[in-house]
Every structure is written in C-alpha cells, then in structure tokens.
Amino acid sequence: MTYFADFGLAEPISRALADKGYTEPTPIQVQSIPPVLDGRDICGIAQTGTGKTAAFALPMLHRLAATPKHRLKYATRALVLAPTRELVSQIAQSFTDYGKYMKLSVTTVFGGVPIPRQERAMSHGVDIVVATPGRLLDLVERGSLDLKHVEILVLDEADQMLDLGFIHDLRRIVGLLPRQRQTLFFSATMPKAIEELAARYLTNPVKVAVKPAATTAERVEQAVIHVNQAEKPALLQIVLRDAAIDRALVFSRTKHGADRVVRQLGNAGIKAEAIHGNKSQPQRERALAAFKSGECKVLVATDIAARGIDVTGVSHVINYELPNVPESYVHRIGRTARAGRAGQAIAFCAEDERPFLRDIEKLIRQKITPLALPADFRAAVVAAQKVERSAPPAPREDSRDDRRDFARRPSGGGRPGRDPRAQVTPQRRQGRSGGGAGHRGAR
Ligand code: AMP
C-alpha cells in the first residue's frame, strides 16, 4: 500500500491533501508522481476520473516550489494545455486547491471571455498557465504571453485535442517552447496519431497506464431500455422522477437536442439545465454551479461539453441518445462512479441505434442488462404528448452536433477560422452503421 506521505511531497502540499481528505494515491498517481518528481517525461494513458490531474499537478507544484524564481513579465514556468474551457477551469482549480498553502500563481486562458483580463493577468508573469490552445496563441500573437521560459509542459486529453482540430495550434505552441523542458503527456486513448505526437514531443518518457478505458465501465451498474425514439421524452420523465436519483447527467448528441430535452422536461415540471457549445461561458458556469450545488438535479449535455466535467455525486448517467463512437459511451458513463463511488448508467436505445449498442458492448466486453419499459409507460407517453401539445411552440432547431462550435473562439480572434471536424476520422463522422448516423439529424 502506498500513501501520499511516501512521496516526500513538500509540507504545504501534504497539508492541502490532508484538507481534502486524500491519504491514498490512485493508481495513476502511484505510477506518475515519483518519475515526475525526478524530472522525467511521462506518456500516460488515463482518462478523467482516475485522479490524473493530481498525478501531474502535485509533483509539478513540488518542483516549481523547490526552485523558486522571480516572475518575469508575460512569462510562465508551467503550461498546461487542455481541450475545453471546463477542463481548463477544473485543472486550474485543482492547482489552486493543492497549492493553497504555497505562493505559486495560477491563471486560466480560454476563449469566450474578454481577452484584456487575461492579458492583465499575464502582465506580471504567472507560475502556472492552464489554457486551451486557440486563445493561448491569440495571447502569444498579441505579445501578452511569452513561452520562452516554460519549464514544464502538460498536454492533457491529447486525443480530444486532436479530435477538435487543435493539432496545428499544438505544433505551433510546442515550437515556441524551449527544447529543454519536462513534458507530461496524457491521453484517454492511444491511437497511432497520438502515439506519433507523443514520440515527437517526449524524451525517453516513462510510460504509465491505468486500466484501459473500456474496463473502467466495470464499476458502473449499466442498463439499457429499448424504446421508440418518439417515446424517449416520456421515458426520461419517468426515470428522472425516481427518488433514487441525486444528480443525473443526460447525454444528447446535438446542442439543439439538449435544449429540446430541457424544454420538454420543463414543460413536465422537471427542472433541468443544458450545457453545450452554444451557451456563453457565464451560462455554462451557472448551469454547472446549479448542478454542483444540487439546486438543479438534471444537467443535459453534449459529449464535448461534458468531457472532463468533474462533479462528485452524479448518481445517474442517462444516454438519451447512444453515441455512434463507442468510446464516447465509456467517457459518458465515467462521469458517474468517480473516484471509486458506485453509479448507474441507463441507455435509451431506439431501433436504429442498435448497431451503436452492439459496438459499445463489443468495446466494453460485456452485455448491458436490458430493462423492461415501466409498467405505467403507455399512460406516461399519452400524458407527455398531451403536455407537449399544450406547450408554447418550440424555437426553430438545427441538428448540428457540438464539435464545430464547442471549440469556437469569439469573433475578432484574429486567426483564420478552421473546421475542427476536418480532423475527425471518417469512421467517427459517419458512425458504423451506414445510414444510422443521419437519423438523428433528420428529426
Ligand atoms: P481527475 O481524474 O483528475 O478528474 O480526478 C477525479 C476525482 O478524483 C476528482 O474529484 C479528484 O478530486 C478526486 N481525487 C483525485 N485523487 C484522489 C485521491 N488520491 N483520493 C481521493 N480522491 C481523489
């Protein structure tokens, strides 16, 4: 058995860990903390929920504090890159929490908020910058961020960054960093493109891996209910009225699908919030805060928006629509049963989603338990349809998924636009069942 005390982390870090109540490191922490403390590069396969953030943040704080330096204007000593604003905020919060008894400064850099505030934050220099790639380059181009003094680089969720089309930004950023640095590279999956990226950026890395993504699903109690697409709203209402639900994260494939679910639930008297790429940063933060505080028990999200969301106590993950990429299912259900807790995942599977279900079962190497429709289901469908008919008309919808807009930077960003979906492999874009991927868009 390993304890945090065995790592010899600086006393202020140990104190912060004690405040959090952490005594035992998670497997990814056991594997990563000693080599990072030794200054080694890391190539890690781990997804959020495994304790990955502390696996790099704790030894980084230790190393930065062990060699104190004066802050240089616009410069930073450590750069952490992550694909989404939510993930950036969460990582920065972890650094702040674990480093609360230290004098190291942390700032976030991401799009969707005014740039001058981030420029002001950089003007006196910062010890740790946590950023999305696009806005980071905007700051560099404006002369407000100097990467020449970076000692440690972290690339988090590298596979997701590639999916979102950040590869060119990543290349540019890494080209601006000193060659002599420590690099910590984490990805949930290691396809060939990610392996090549890792090989280019890492020097003699220590390879660490926690259980492959597929097997983390074992901790979650999973079920599937076969249901007609048109009857999913009624089923969702019945499931959400179940008293055992503390906090439910509901996944929809499209932004407008997420809004529609929230609206239908609202019409049925169930409070829910949506989080996706069309929401402004303050809207997303408000929705997340309401969900975290328990004020709103239902959060409806798209895959990209939910990636990395760390909310303790998510009792249920509901796959209102099944993802056409089976790995996304594993990421989704990983939002519950975090850090060892038990959780429940329920998938709603329509006739034309069965090929997706088969792909998922193949990946997780287990059959998901089918549940019968609730006894009072027919009556609930009729009631839900009646409520919908008497509700005010819905705004016009489109059916794009969330990939394009989630990474969108505000207008005036200065650099040419790009379509992140260009990086998505054809298999991912089209799904695996021929016409299957299009059915949702047609609704
Ligand atoms: P992460 O994979 O970094 O998103 O972490 C997942 C969750 O586990 C977060 O809520 C962390 O605060 C929590 N966590 C990380 N390390 C530990 C630990 N050693 N003991 C208990 N909880 C932890």
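Below is a short write-up of the structure. Quantities reported herein were computed from a predicted structural model and do not represent experimental measurements. Per chain, residues are indexed from 1 in the order of the written sequence. Whole-chain, interface and lining totals are the exception, using all residues; otherwise, since this is a predicted model, local features are given only for residues with pLDDT of at least 70 and side-chain atom pairs are given and counted only at 80 or more. Think of the side-chain values as coming from all heavy atoms in the structure, minus any hydrogens and water.

1. Re the site of the ligand
The condition that has to hold: For this purpose, a residue is taken to be near a molecule or strand whenever a single non-hydrogen atom of the residue falls within 4 Å of it. Definition of a polar contact: a pair of N or O atoms within 3.5 Å, with one able to donate and the other able to accept a hydrogen when the atoms are protein atoms, and with sequence-neighbouring residues admitted only if both atoms are side-chain atoms. For the accessible areas, the method is Shrake-Rupley and the probe is 1.4 Å, while residue cover comes only from the protein chains on display. Side-chain classes follow a simple rule in which Ala, Val, Leu, Ile, Met, Phe, Trp, Tyr, Cys and Pro form the nonpolar group, Asp, Glu, Lys and Arg form the charged group, and the remainder, Gly included, forms the polar group. All the domain ranges listed were derived from an automatic or database domain assignment.
Taken together, 15 residues form the shell around the ligand, and within it Tyr 22, Gln 29, Gly 49, Gly 51 and Thr 53 come nearest. Glu 24 places a polar main-chain atom, nitrogen or oxygen, 2.9 Å from a nitrogen atom of the ligand. Within the contact set of the ligand, an oxygen atom lies 3.0 Å away from a backbone nitrogen or oxygen of Thr 50. When isolated, the ligand has an accessible area of 490 Å², and the protein chains bury 84% of it. Of the residues that constitute the shell around the ligand, the class distribution is four nonpolar, seven polar and four charged. Formed jointly, the shell around the ligand draws a minimum of three residues from each of two domains, domain 1 (4-209) and domain 2 (220-390).

2. Examining the side chain of Thr 76
Quick reminder of the rule: Put simply, DSSP H or I for four residues or longer makes a helix, DSSP E for two residues or longer makes a strand, and each gets a number counted from the N terminus. What makes two residues a contact is simply this: any of their non-hydrogen atoms within 4.5 Å.
In this structure, Thr 76 sits in strand S2 (residues 76-81). A distance of 3.2 Å separates the side chain of Thr 76 from the backbone oxygen of Val 126, its partner in a polar contact. In terms of polar contacts, Thr 76 uses its side chain to reach the backbone carbonyl oxygen of Asp 127, at 3.2 Å. Sequence-distant contacts of Thr 76, defined by excluding residues within four places in its chain, comprise Val 126, Asp 127, Ile 128, Val 129, Leu 145, Asp 146, His 149 and Val 150.

3. Some points on the packing of aromatic side chains
Counted only if it meets this: Pairs were defined over the aromatic rings of Phe, Tyr and Trp, the Trp ring being its six-membered one, requiring ring centres within 6.5 Å. Orientation was assigned from the angle between planes: stacked under 30 degrees, edge-to-face over 60, tilted for the rest. Put simply, a charge is over a ring when the Lys NZ or the Arg CZ is close to the ring centre, within 6 Å, and near the line of the ring normal, within 35 degrees.
In the structure shown here, the tally under the stated rule is five aromatic pairs. When the ring of Phe 4 is compared with that of Phe 7, the centres are 6.1 Å apart and the planes differ by 70 degrees; the resulting orientation is edge-to-face. A connected cluster of aromatic rings, assembled from ring pairs, spans Phe 56, Phe 95 and Phe 186. Above the face of the Tyr 201 ring, Arg 200 is positioned so that its terminal group lies 5.9 Å from the ring centre. Taking the ring centre of Tyr 320 as reference, the NZ or CZ of Lys 232 above it sits at 5.9 Å.

4. Details of the sheet that holds strand S5 (residues 152-155)
How we decide: Note on pairing: DSSP must find at least two bridges between two strands before they are called paired. Lines are fitted to the C-alpha atoms to define the axes, a helix being fitted only along its stretch in contact, and any angle between axes, read from their N-to-C directions, falls within 0 to 180 degrees.
In space, the seven strands of this open sheet follow the order S3-S4-S2-S5-S6-S1-S7, with parallel pairing throughout. Each edge of the open sheet carries a strand with a single partner, namely strand S3 (106-109) and strand S7 (206-209). Strand-to-strand, the axes of this sheet are offset by a mean angle of 15 degrees, without reference to chain direction. In this sheet, S7 lies alongside strand S1 (residues 42-45) in parallel orientation, the contact comprising four bridges. Within S7, the residue paired with Gly 44 across the bridge is Val 208. In the packing of helix H5 (residues 115-123) onto the sheet, the strands contacted are S3 and strand S4 (126-131), and the crossing angle to S3 comes to about 150 degrees.

5. Notes on helix H12 (residues 255-267)
Note the cut-off: What a helix should span is 1.5 Å times the count of its residues minus one. Per-residue accessibility, obtained with a 1.4 Å probe over protein chains only, is compared with the maximum for each type, and a residue is labelled buried under 20%, exposed over 50%, and partly exposed between these values.
With 13 residues, H12 should cover 18 Å at 1.5 Å per step; its first-to-last C-alpha distance of 19 Å lies within 8% of that length. Within the sequence span of H12, burial applies to Lys 255, His 256, Gly 257, Ala 258, Arg 260, Val 261, Val 262, Gln 264 and Leu 265. Positive phi appears at Gly 269, one or two residues downstream of H12, with a value of about 85 degrees.

6. A look at the nonpolar core
Note the threshold: Nine residue types can take part in a nonpolar core, namely buried Ala, Val, Leu, Ile, Met, Phe, Trp, Tyr and Cys, and a core is a set of them joined through side-chain atoms within 4.5 Å.
Counting 41 residues, the largest nonpolar core has Leu 9, Phe 56, Leu 58, Met 60, Val 80, Phe 95 and Leu 184 as its most contacted members. Not counting residues within four places of it along the chain, the set of residues in contact with Leu 184 comprises Val 36, Arg 40, Ile 42, Phe 56, Met 60, Ile 152, Leu 153, Val 154 and Leu 155. In terms of nonpolar packing, the next biggest core, distinct from the first, is built from 34 residues, Leu 79, Ala 131, Val 150 and Ala 158 among them.

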